[in-house]
Amino acid sequence: MHSITINRALTDNFKGFTTIDAHTEGEPLRIIVSGYPDIKGATILEKRQYVQQNLDEYRKILMHEPRGHADMYGALITDPVSESADFGVLFLHNEGYSSMCGHGILALVKVMCETGTIALDNVPRVIKIDSPAGLITAQADRDAAGKITASFENVDSWADALDCTVNVAGFGEVTYDIGFGGAYYAYVDADAHGIRCATDNVAQLIDLGRRIKQAIVASHSLVHPLEQDLGFLYGTMFTSKKVTHPEAHSRHVCIFADGEVDRSPTGTGVSGRIALLHAKGEVGLNQPLMIESIVDGRMIVTAQARTEFHGKHAVIPKVSGRSYITGQHQFFVDPDDVFQQGFILR
């Protein structure tokens, strides 16, 4: 069998990117190691604005087909902007850029430690990460078998609105709550609305998730108390009590960006959910909940403390989940490629 080698001419003539791919509870993460030019900005939000305005073709190259797919998710490492941070991160998807990503934080911590980029001995290691939503405090540890585990304390999370209703054309009235866990989500009780949170019902979940989000965006304004750039509805979170794992509290199916389906329970989503449940008096502090996903992935979320965030009664969630490295890739862009920035075909 003949082997193919990547020669100097190829790397000189083609634009190239190197990535490490991973997943957390089934949800992919493409970590961009090289290929981007310097990212300007004094804050992470300024860096996000810079890549939106100047480097968005890079996102499309790596997230869209033929290198990615409609549900691909990415992480772009940046220099830290906080004195205590180890690094910064921007999160990418099929439509643009998110504010925070729990599954991405967990996978980043696992990959950083597995590759030796961040040294991990036999004592827990605190890792601080600048995200658009704020400074994230993560922790890496080794279990009794020597395997690396990861968790993180999320930003202040709160119940923003409870028991709201909206009319969704072609479906009817939908009741929803809005919670913030690094991003805003509309939480909809799927069981109460006769919606199945199952893999064979993905088409309906995507369709309704999009339509519910659009209806809420048109009728319910969101204002983040600190950052205008964070004041937008990121997705629809369907919740269900019909679970597979006997210890699971509930199931989440998150439809976000342009109809993406999160394979994990959604780290920011479980953070917003624990804030909602705490606000309703259904969950106390330091009471861990297991929440499962559409593919039976699981995350553990706990409200560790109450806090006040610029007038919001909030909690500090802690989230854990399992992450795994799936590959290392070197991508090229042929200057003659008619699909350089790719496409989305669902």
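What you are looking at is a predicted structure, and each value in this text was computed from that prediction instead of being measured.

Turning to the pairing of strand S17 (residues 312–321), a few remarks are in order. Two elements, strand S8 (residues 148–153) and S17, share four bridges in a ladder whose sense is antiparallel. When the bridges of S17 are listed, glutamate 153 appears paired with lysine 318. Inspection of the sheet shows strand S9 (residues 157–168) paired to S17 by two bridges, in the antiparallel sense. Of the residues in S17, the one forming a bridge with serine 157 is valine 315. By the bridge criterion, nine bridges tie strand S16 (residues 298–309) to S17 in an arrangement that is antiparallel. Paired with valine 301 across the two strands is valine 319, which belongs to S17.

Okay, the pattern of salt bridges next. Pairs may arise between side chains of opposite charge once their charged atoms sit close together. A full pass over the atoms with the stated rule returns 14 salt bridges. One salt bridge connects aspartate 86 with arginine 125, and the closest N-O pair in it is separated by 4.0 Å. Residue aspartate 86 is located in the loop between strand S3 (74–78) and strand S4 (87–92), and its partner arginine 125 is located in strand S6 (residues 125–131); the two are separated by 39 residues in the primary sequence. Relative accessible area serves as the criterion here: at 34%, aspartate 86 is assigned to the partly exposed category. Overall, the relative accessible area of 29% leaves arginine 125 in the partly exposed class. The salt bridge partner of arginine 211 is aspartate 207, with a shortest N-O separation of 2.9 Å. Taken as a pair, arginine 211 and aspartate 207 lie in helix H5 (residues 202–219) at a separation of four residues, close to a single helical turn.

Parameters at a glance
Residues numbered from 1 in each chain as written. Predicted model: local features only at pLDDT ≥ 70, side-chain atom pairs only at ≥ 80, totals over all residues. Heavy atoms only, no water. Pairing = 2+ DSSP bridges. Helix = DSSP H or I, 4+ residues; strand = E, 2+ residues; numbered from the N terminus. Salt bridge = Lys/Arg side-chain N within 4 Å of Asp/Glu carboxyl O. Buried < 20%, exposed > 50% of the residue type's maximum accessible area, 1.4 Å probe, protein only.

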